[in-house]
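Here is what each chain is made of, one letter per residue.
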Amino acid sequence: MKMNEAITLRKPITNQSIRIENLDVYIEDQHILKDISLTIPEKNITCIIGPSGCGKSTFLKTLNRMHDESPEVKINGKVFVDDENIYGPNVNVIDTRKKMGLLAQRPCPLPMSIFDNVAYGPRIHGIKKRKAVNQTVIQYLQYVGLWDEVRDRVRTSATRLSIGQQQRLCLARGLAIEPEYILGDEATSALDPLSTKKIEELFVKLKEKYTIILVTHTLRQARRIADHIIFMYLGKIIESGPTEEFFNNPKKQLTRDYLSGSFS
Amino acid sequence: MHSLRAAKDKTARYLMLGIAIFTILFLLVIGLSLFFKALPIMREKNLWVLLTSSDWKPFKGDFGFLPFILSTFYVSLIAIFIALPFSILTSIYLNSYASKNVRRFFEPVVDLLSGIPPIIYGVWGTLTIVPLIANKIAPRFVEFSTGYTVLAGGVVLAVMIIPLLISIMLEVFRSIPKEMTDASLSMGATKWQTVKKVILRKSISGIIAATVLALSRAFGETMAVLMVCGNIAQIPHSIFDACYPLPALIANNYGEMLSMPNYESALMFSAFLLFIIVVLFNGLSRFTLNQIERRYQF
Amino acid sequence: MKHLEEKIFKIIMICAAMLILGVLVYIIATVFYRGLPALTLDMITKLPGGGFYLGKEGGVLNAIVGSVYIIIGSLVISILISVPLVMYINFYLPAKSVFASLIRFSLDILFGIPSIVYGAFGFALMIFLGVRASLLGGILTVAMLIMPIMMRSFDEITRLLSRDLPDALLSLGATKYEMVKVILKQLMPGLVTAILLAIGRGIGDAATVLFTAGYTDNIPASLNQPAATLPLSIFFQLGSPVEEVQNRAYASAIILTVIILILSFSARYFSSKFSKHKI
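No experiment lies behind these values; they were computed from the predicted model shown. (Residues numbered from 1 in each chain as written. Chains lettered and ligands numbered in written order. Predicted model: local features only at pLDDT ≥ 70, side-chain atom pairs only at ≥ 80, totals over all residues.)

A. Just the overall build of chain C, in detail. Per the secondary structure count, chain C includes 11 helices and zero strands. Going from the N terminus to the C terminus, chain C shows its helices and strands as α-α-α-α-α-α-α-α-α-α-α. Its C-alpha atoms give chain C principal-axis dimensions of about 70 × 70 × 30 Å. Excluding contacts between residues fewer than 6 apart, the proportion of contacts in chain C whose partners are at least 24 apart in sequence is 74%. (Helix = DSSP H or I, 4+ residues; strand = E, 2+ residues; numbered from the N terminus. Contact = placed C-beta atoms within 7 Å.)

B. Structural detail: the interface of chain B and chain C. Taken together, the contact between chain B and chain C spans 65 residues of the former and 62 residues of the latter. Of all elements in the fold, only α1 (2-44), α3 (66-97), α4 (100-115), α5 (118-137), α6 (150-174), α8 (191-220), α10 (246-253) and α11 (263-295) of chain B reach the threshold of two or more residues within the side of chain B that touches chain C. Here the side of chain B that touches chain C takes 18 residues from α1(B), the largest share from any one element.

C. Here's a closer look at the sheet that holds strand β4 (residues 73-81) of chain A. Residues and elements named next belong to chain A. One open sheet holds the four strands; their spatial order is β2-β1-β4-β5, and the pairing between them is antiparallel. Of all strands in the sheet, those bounded by a partner on one side alone are β2 (30-40) and β5 (84-85). The strands touched by helix α1 (residues 56-63) within the sheet are β1 (18-27), β2 and β4, with β1 carrying the most contacts at an inclination of about 120°. (Pairing = 2+ DSSP bridges. Axes fitted to C-alpha atoms, helices over the stretch in contact; angles between N-to-C directions.)

D. Local environment of the pairing of strand β3 (residues 45-49) of chain A. All names here are of chain A. Across the five residues of β3, five count as buried, placing the element largely inside the fold. The pairing of β3 with strand β8 (residues 211-215) spans four bridges and is classified as parallel. Bridging across to β8, T46 finds its partner in I213. By the bridge criterion, four bridges tie β3 to strand β9 (residues 228-233) in an arrangement that is parallel. Among the inter-strand pairings, T46 is bridged to a residue of β9, identified as H228. (Buried ≥ 20, exposed ≤ 12 C-beta atoms within 10 Å, placed from the backbone.)

E. Structural view of the packing of α11(B) against helix α4 (residues 98-112) of chain C. It is at 9 Å that the axes of α11(B) and α4(C) come closest, and there the two elements cross at 135°. Judged by the inter-axis angle, α11(B) sits oblique to α4(C). Both α11(B) and α4(C) take part in a crossing whose hand is right-handed. Counting all contacts with α11(B), which are made through V278(B), V279(B), N282(B), G283(B) and R286(B), the residues of α4(C) involved are F105(C), D108(C), I109(C) and G112(C). When its residues are assigned to classes, the contact of α11(B) with α4(C) shows four nonpolar, three polar and two charged. (Parallel < 35°, antiparallel > 145°, perpendicular 65-115°, else oblique. Left-handed = near helix turned anticlockwise from the far one by under 90°. Nonpolar A, V, L, I, M, F, W, Y, C, P; charged D, E, K, R; others polar.)

F. Representation of the sheet that holds strand β10 (residues 236-242) of chain A. Residue and element names in this part refer to chain A. If you walk across this open sheet you meet the six strands as β6-β7-β8-β3-β9-β10, and the pairing is mixed. Edge positions in the sheet fall to β6 (100-103) and β10, since each of these pairs with one other strand and no more. Within this sheet the neighbouring strands show an average axis-to-axis angle of 15°, counted without direction. Contacts from helix α6 (residues 163-176) reach β6 and β7 (181-185), with the element oriented near 170° to β6.

G. A look at unusual backbone geometry. Residues and elements named next belong to chain A. Phi at D29 is positive, roughly 70°, even though this residue is not glycine. Its location among the elements puts D29 in the loop between β1 and β2. The phi torsion at L234 lies on the positive side, around 50°, for a residue other than glycine. Mapped onto the elements of the fold, L234 is located in the loop between β9 and β10.

Listed below in structure tokens is the structure:
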């Protein structure tokens, strides 16, 4: 495997856009997300904050159609990804999911080797040639900074990695399917501070090429890395805006209360 | 590329659906097949006569199933009568009193007991229980008994259904929310009072369902009972008489099945009877147990 | 006073538990006591010679091999049907589906059907298909008996699997079929447990093979030939008037019990190994 071959991240389509119009989500007749309309800024890190139970995770799942698995969830409204309503007719859910790389709260390595974990996505999406697969795997392991740590044991089980390494592995795995967007559902809440820092640095590096939407559990993280903040409460968007402005000059009283810690 | 993946996915889904539907229908298939095989004899003889007559003379064409039906019930009831107290006591002990180590020790024991093949129970019964009854127990009550009796069948069956009873009862006890038992204990009740007033009271329907399940298991057990029950087609008048439960009837006579007119149909009728009884008992008690599980898990 | 009642019952309870334990030990001891002397190497390596059941030489190799053939055949059929079904109920149907409950309910009832009824049905099926009392007949019938056992055990273990893995796979853009293939890797120990449980039940049962597998002193060379099984071999040897043959029956019983004990312990070992993986 030649290291000095020109390895560049294959550039995703330059026009990335997510636009949501009047999104309503009901779970078993409970109105969870109420009339959400917004646009996600391209190639930025957008953090969604809000007290627990306000619908952040539900919102994230609507972006990659993970609610398809649960018949008790009803979705109304339109979600335009790259100008196509992913809830429209004739939309292939696999294509939609391929555009979204999801990083979940608890790292979930697949029951296979480190190599196979990263190779899984490319393989199912059609890359069969060994050389191409190898290249992809090494490339993305390098990108998340894991390659040097695991190069000697890349064929051993992924479950033996530390939790921080596992999360980076999951990130590499998600990147390997070459998405346009990266979704993070409290992706660092299970990690130690050092691993958290590494992942946050990766996100900042990634926003060059990808549009990143993170559900964050701490205001501090949002402050550190977000370009754009969306504040949700009880299923509604209360306020949103660029980070600096949001933290320094919140417009709504509810926002001010939340930021000051009156409730969480 | 895309369409191949989608095609594989769809094929898999349809295959699985087919298997699922087949599973549900299988029960019906078994029942109907047995029914149709039993039809000849049901047509020839009056159903009422079949079920209530005691004349079993296949050569003459007399098929009275009463001795077998009653034998099945007697043996099973004796088994439950013996097994129930042991099972309840042991389950309570394991659930509320035993230390973790004792519990961990007992679980394999119960597993092992339920794993021993029926024929071994039959062997044990013949070696141990039958002589015990013939020589030590029966002489106190009746003049003579070979030992191959309803009682022998009952004892062997009892040991066989105890593991089942214990495992279901433990599950039922476990499903009682800890808050309830904690509340009772924190009010100053002793463990025993808690057991009596909270656990047992709340578990009554579960215990009944477990009993019904075990009963249906006892109805169908063939090998072990066959070896110790005497296999005489009579209505037993005491537990020291020989008997002839339905499964033993089928097992012992399958060789004769094709030799006489209606004999095969008669045996299939026995199988059908067993099937109906077991499905009813199982269905009812499983339904009850599911309700209990649902009640305590929202 | 309330304490006295408790003390008395506590003693009674311990006695009950001890008695049950004692019975288990007693059963195994009885069988070993009578059977061990007769357990020779011949028993497991030789076929029954002519007159075996009357005291002449031989062993129960026919039954050992017959039982093994039958159980392997039934396992193949059973696994091919059980695994897809359990995957379907757990990952293709929604969590609270009525259809899934219906399937599970049917499985519960099928689980409770006595083996003699499966034997009778198997016999009727064989007549319908034109199959003679043979290895094939035994395989089909035992498969019907062990399928609900395998399905139930595998289902219970699969239900415990956390949703993280399926979700992760689906978000990578895998189809459900692709996802299931990966999950099965994770569920392997559970499947092994289910298989071992099913073998334990299937190999020791006489009523299923009574009418359907036939009996022979030889090893079946094809699916159409009759096959001997351990439970039946034990049964026939017990029926002999010769005491030596009866002792050999107990020896055969030891062989059967040992096989099942090994399976039982292996199943426990595997299922505990499985739960160690889950965090």
